[in-house]
Amino acid sequence: MLIFQQTEGGGSSCCVRAACFISTSVYVDAYQPIIIPSRPSFVRLENASKKYPVTLMNKLFSSVPKREYAVHDINLSFGNDANQLPANTNTTTNRSADADGITLLVGRSASGKSTILRLLAGIEAPTEGQLYINGCEMTREVEGLMGRKVVPSWMRVGLLLAPAGVPQPVLLDGKPDFDNTRTVMEWIVQVGIDSVEHHCKNSFGQEQMDSTATAALIRSLAQDFASLLQLPTNQCSSVPLDLSPSEQYLFGIACGCMVSVSPIIASMPLESASLDETTSIPYPIILFDELFDTEYSGTVEKCNRGILNLIEHGAVVVSATHRPEYFGSMSSRVITLSGGNVLTDERR
């Protein structure tokens, strides 16, 4: 949708509000649209290691090989370096080498795939090394800003203490399990509202969202994510029970996107007097922990275009999997792990 705004000289300027999510327009009133540009996200693990205590008992009786370091001295980067791109950069023509598809983490069980995802999500803190998101160093709170109870059971978030304007990485490991008391779109919006209100209360001491513009932005982003993921309009108006298996996964990813951007929305000044075009919303960071491994390959294929749309417009999507063949041309980078170390890092 093109939104035109009359200029003082009688001409018009326009911004884009479409499935590409390049910018979003939220109306505070009929005359003052708020234009919020977006920018790509970038995640980096630097010299990251994770050490677990190894006891004689779990060496003797565990079916999974035990070692001191689950992962050791990992240096990996994912996505677009947002610090090197202006806020209004066209991300479809300024992408990093792995931004054309999903990044796969492959290897045998206990090779370190899921550990890397948990470090990226902030669910666990590295014993050594650092996690950076959009150029900001992350630290992990003991009790955290967001606990499991504010997200569904099939979604996991870390306990990151992040600067304002940094997205929350979200790990998905199952299908959504919502009931049919709301439509699909209503659930996506509600997940966003619940997450933003939680951040408002726990990070900023507000009991609830204090701006109607915030609610309008959440609704607008929910529609953008659903369209970007190619969730059919008629299915968004139906209840979760009516979704096909592939649509259920896309529904869950849309909810994950809302949780990912919720700390940014909670920290944004949405009054027209204090918001300008330098304000931007980074794209979501979505992690799959063997999300599709028990599905039919056809189900994954039907999700391909929607997931690629997210990535092509700046989102970070990383998947740990035992089924790399399921992703086919959807993957642009395959990282092979063994014994907690990176064996190969191949770009296609």
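Quick caveat, the model's predicted, so the values are computed rather than measured.

What to know about the pattern of salt bridges
Point 1. Summed over all chains, the structure comprises six salt bridges.
Point 2. Between Arg-118 and Glu-124 there is a salt bridge, with its nearest N and O atoms 2.8 Å apart.
Point 3. You can call Arg-118 buried: its relative accessible area is 17%.
Point 4. Exposure remark for Glu-124: the relative accessible area of 18% places this residue in the buried category.
Point 5. Salt-bridge contacts for Glu-312 lead to Arg-305; the nearest nitrogen and oxygen are separated by 2.8 Å.

With respect to the packing of aromatic side chains
Point 1. Taken as a whole, this structure holds five aromatic pairs when the rule is applied.
Point 2. With a centroid separation of 4.8 Å and 55° between ring planes, the pair formed by Tyr-249 and Phe-292 is classed as tilted. Of this pair, Tyr-249 sits in helix H6 (residues 245-267) while Phe-292 sits in the loop between strand E15 (285-289) and helix H7 (297-312), placing them 43 residues apart in sequence. Each of the two residues, Tyr-249 as well as Phe-292, counts as buried.
Point 3. Centre to centre, the rings of Phe-288 and Phe-292 are 5.6 Å apart; their planes meet at 85°, and the pair counts as edge-to-face.

Remarks on the side chain of Ser-331
Point 1. With respect to the helices, strands and loops of the structure, Ser-331 is situated in strand E17 (residues 331-338).
Point 2. Take Ser-331: its relative accessible area is 4%, and that puts it in the buried class.
Point 3. A distance of 2.7 Å separates polar atoms of two side chains, one belonging to Ser-331 and the other to Arg-348.
Point 4. Beyond its immediate stretch of four places on either side in the chain, Ser-331 contacts Ile-102, Leu-104 and Arg-348.

Brief notes about the packing of helix H4 (residues 212-228) against H6
The relative placement of two packed helices comes down to the angle between their axes together with the axis-to-axis distance.
Point 1. Close contact between H4 and H6 brings their axes to 11 Å; oriented N to C, the two are set at 150°. It follows that H4 is roughly antiparallel to H6 by the angle criterion. Remark: the crossing between H4 and H6 carries right-handed chirality. Between H4, through Thr-214, Leu-217, Ile-218, Leu-221, Ala-222 and Phe-225, and H6, the contact on the second element is made entirely by Cys-257, Met-258, Val-261 and Ile-265.
Point 2. Broken down by class, the residue content of the contact of H4 with H6 amounts to nine nonpolar, one polar and no charged.

Structural notes on the pairing of E17
Point 1. With respect to burial, E17 is a largely interior element, six of its eight residues being buried.
Point 2. Summarising the sheet, strand E7 (residues 102-106) and E17 pair through five bridges and their orientation is parallel. Looking at E17, one finds that Thr-103 is bridged to Arg-333.
Point 3. Pairing geometry for E17 and strand E18 (residues 341-347), over six bridges, is antiparallel. Its bridge partner lying in E18, Leu-337 is registered against Val-342.
Point 4. Hairpin geometry of E17 and E18 is characterised by an intervening segment of two residues between the two adjacent antiparallel strands and by a positive phi of about 60° at Gly-339.

Quick look at H7
Point 1. Spanning 16 residues, H7 covers 22 Å between terminal C-alpha atoms, matching the ideal 22 Å at 1.5 Å per step.
Point 2. Along H7, the largest kink reaches about 40° and is centred on Asn-304.
Point 3. Within H7, burial applies to Thr-299, Val-300, Cys-303, Asn-304, Gly-306, Ile-307, Leu-308, Asn-309, Leu-310 and Ile-311.
Point 4. On the buried face of H7, the contacting elements are E7, H4, H6, E15 and strand E16 (316-320).
Point 5. Count one or two residues on from H7 and you reach Gly-314, which has phi positive near 115°.

Cut-offs and rules
Residues numbered from 1 in each chain as written. Predicted model: local features only at pLDDT ≥ 70, side-chain atom pairs only at ≥ 80, totals over all residues. Heavy atoms only, no water. Salt bridge = Lys/Arg side-chain N within 4 Å of Asp/Glu carboxyl O. Buried < 20%, exposed > 50% of the residue type's maximum accessible area, 1.4 Å probe, protein only. Phe/Tyr/Trp six-rings, centres within 6.5 Å; stacked < 30°, edge-to-face > 60°. Helix = DSSP H or I, 4+ residues; strand = E, 2+ residues; numbered from the N terminus. Polar contact = N/O pair within 3.5 Å; in protein donor to acceptor, adjacent residues only side chain to side chain. Contact = heavy atoms within 4.5 Å. Axes fitted to C-alpha atoms, helices over the stretch in contact; angles between N-to-C directions. Parallel < 35°, antiparallel > 145°, perpendicular 65-115°, else oblique. Left-handed = near helix turned anticlockwise from the far one by under 90°. Nonpolar A, V, L, I, M, F, W, Y, C, P; charged D, E, K, R; others polar. Pairing = 2+ DSSP bridges. Expected span 1.5 Å × (residues − 1). Bend = angle between axes of the 7 residues up to and from the residue.

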